[in-house]
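One-letter residues, chain by chain:
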Amino acid sequence: MASIKAEPFDLDFDPKTTALVIIDMQRDFVLPGGFGEKLGNDTSLLLAAVEPTQRVLAKARAAGLLVIHTREGHRPDLSDCPPAKLTRGGQTFIGTTGPMGRILVRGEPGHDIIHQLYPVAGEPVIDKPGKGSFHATDLHQILLDRGIRTLVVCGVTLEVCVHTTVREANDRGYECVVLADCVASYFPEFQRIGLEMIKAQGGIFGWVSDADRFIAAIG
Ligand code: TIU
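Residues numbered from 1 in each chain as written. Predicted model: local features only at pLDDT ≥ 70, side-chain atom pairs only at ≥ 80, totals over all residues. Heavy atoms only, no water.

### Considering the site of the ligand
Okay, step 1: Around the ligand lies a shell formed by D24, F29, F35, L39, E72, K131, V156, T157, V160, C161 and Y186.
Okay, step 2: Side-chain polar atom of E72 to a nitrogen atom of the ligand: 2.9 Å apart, as the coordinates give it.
Okay, step 3: Here C161 contributes a backbone N or O atom positioned 3.2 Å from an oxygen atom of the ligand.
Okay, step 4: Summarising the interface, the protein chains cover 93% of the accessible area of the ligand, which totals 280 Å² for the free molecule.
Okay, step 5: Spatially, the ligand is embedded in the largest pocket.
Okay, step 6: Among the residues forming the shell around the ligand, the class breakdown is seven nonpolar, one polar and three charged. (Near = heavy atom within 4 Å. Polar contact = N/O pair within 3.5 Å; in protein donor to acceptor, adjacent residues only side chain to side chain. Areas by Shrake-Rupley, 256 points an atom, 1.4 Å probe, with all protein chains shown as cover. 1 Å grid on protein atoms, 1.4 Å probe; cavity = no way out; pocket = protein on both sides within 12 Å on 5 of 7 lines; lining within 4 Å. Sits in = over half its atoms within 2 Å of the grid points. Nonpolar A, V, L, I, M, F, W, Y, C, P; charged D, E, K, R; others polar.)

### Some remarks on helix α6 (residues 158–171)
Okay, step 1: Within α6, the full set of buried residues consists of L158, C161, V162, H163, T165, V166, E168 and A169.
Okay, step 2: Where α6 is buried, its residues meet β3 (18–23), β4 (66–72), β9 (125–128), β10 (150–156), β11 (175–184) and α7 (188–203).
Okay, step 3: Following α6 by one or two positions, G173 adopts a phi angle in the positive range, close to 100°. (Buried < 20%, exposed > 50% of the residue type's maximum accessible area, 1.4 Å probe, protein only. Helix = DSSP H or I, 4+ residues; strand = E, 2+ residues; numbered from the N terminus. Contact = heavy atoms within 4.5 Å.)

### Details of empty space enclosed by the protein
Okay, step 1: According to the stated counting rule, one finds one cavity of 30 Å³ or more in the structure shown.
Okay, step 2: Approximately 30 Å³ is the volume attributed to the largest cavity.
Okay, step 3: Taken together, I4, L11, F13, T150, V152, V177 and F214 make up the full set of residues lining the largest cavity.
Okay, step 4: Going through the elements one at a time, β2 (11–13) and β10 are the ones with two or more residues in the lining of the largest cavity. (Points joined across faces, edges and corners; volume = space filled by probe spheres on them.)

### Structural notes on unusual backbone geometry
Okay, step 1: With an omega of 5°, the peptide bond between E7 and P8 qualifies as cis.
Okay, step 2: If you trace the backbone, P8 turns up in the loop between β1 (2–4) and β2.
Okay, step 3: Cis rather than trans, the peptide bond between V156 and T157 has omega equal to -20°.
Okay, step 4: With respect to the element layout, T157 can be found in the loop between β10 and α6.
Okay, step 5: Positive phi is not limited to glycine here, since D24 has a value of about 55°.
Okay, step 6: What makes D24 buried here is its relative accessible area of 0%.
Okay, step 7: Look at Q201: it is not a glycine, yet its phi comes out positive at around 55°.
Okay, step 8: Looking at where Q201 falls in the secondary structure, it is placed in helix α7.

### Description of the packing of helix α3 (residues 50–63) against helix α8 (residues 211–218)
Okay, step 1: Between α3 and α8, the least distance of the axes is 9 Å, while the angle of their chain directions is 15°. One way to sum up the angle between α3 and α8 is to call them roughly parallel. Note on packing geometry: the crossing formed by α3 with α8 is left-handed. Between α3 and α8, the contacting residues are P52, R55, V56, K59, A60 and A63 on the first element and A211, D212, F214, I215 and I218 on the second. (Axes fitted to C-alpha atoms, helices over the stretch in contact; angles between N-to-C directions. Parallel < 35°, antiparallel > 145°, perpendicular 65-115°, else oblique. Left-handed = near helix turned anticlockwise from the far one by under 90°.)

### Remarks on the pairing of β11
Okay, step 1: Counting buried positions along β11 gives seven out of 10 residues, so the element sits mostly inside the fold.
Okay, step 2: Note on the crossover from β10 through α6 to β11: the handedness is right-handed.
Okay, step 3: Looking at chain direction, β11 and strand β12 (residues 207–209) are connected through three bridges and run parallel. Directly across from L179, in β12, lies its bridge partner S209. (Right-handed = clockwise from strand over helix to strand, strands pointing away. Pairing = 2+ DSSP bridges.)

### Observations concerning the sheet that holds β12
Okay, step 1: Ordered in space as β9-β4-β3-β10-β11-β12, the six strands form an open sheet in which the pairing is parallel. The open sheet has two edge strands, β9 and β12, and neither has a second partner. Averaged over all pairs of adjacent strands, the angle between their axes in this sheet comes to 25°, without regard to strand direction.
Okay, step 2: In the sheet, β3 pairs with β4 via five bridges, with the strands oriented parallel. What sits directly across from V21, in β4, is I68.
Okay, step 3: Contacts from α3 reach β3, β4, β10 and β11 within the one sheet, and its direction differs from that of β11 by about 140°.

Coordinates in, geometry out; function isn't part of it.
Structural data, given as structure tokens:
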């Protein structure tokens, strides 16, 4: 067993039943020319999460933790993209062509994970059409089959895909630790408040820690 220093209180976990989940570290969100920038955001804010997540990923791999990556995106014919997601306020970005290929479309350069955090053989990659990583995916099945109980969560953006995934996971009975410096938002105030929301009320849907405390916990 191990224990991670966290808020609102330290969490005991078994590395054998713990997975590192890295959410949507895709070019379309963290680099200019993709979905994030099309939505009017400064994508450079998300890059702060890359280096701490690299350290966490290296430690998790060395310790033999299950590592799971997710990607938000759609089939090339967009048949899995709800009309309500495709067109917002009369604007359509998903499926249009930009400098990194068709935005949020599977198989395109922009849809793929940045090289710094690229999956290696044996690490499941979950392609998801929504914000949550459990919706319309086989993530729950993969976690159940491996007896996973605890999720250590990194990725972007905190208030959208990370929050949605952690809320989904919490409802399915997983204990989730979000690493504060390994998640990022386009909005600094959402980064601060998004972390507060997780750990308020005695940890209403999770715990908050950071890269250094995760690395120390693994030993
Ligand atoms: N726009 C935004 O903040 N996020 C997303 O659209 N997807 C994810 O968070 N991955």
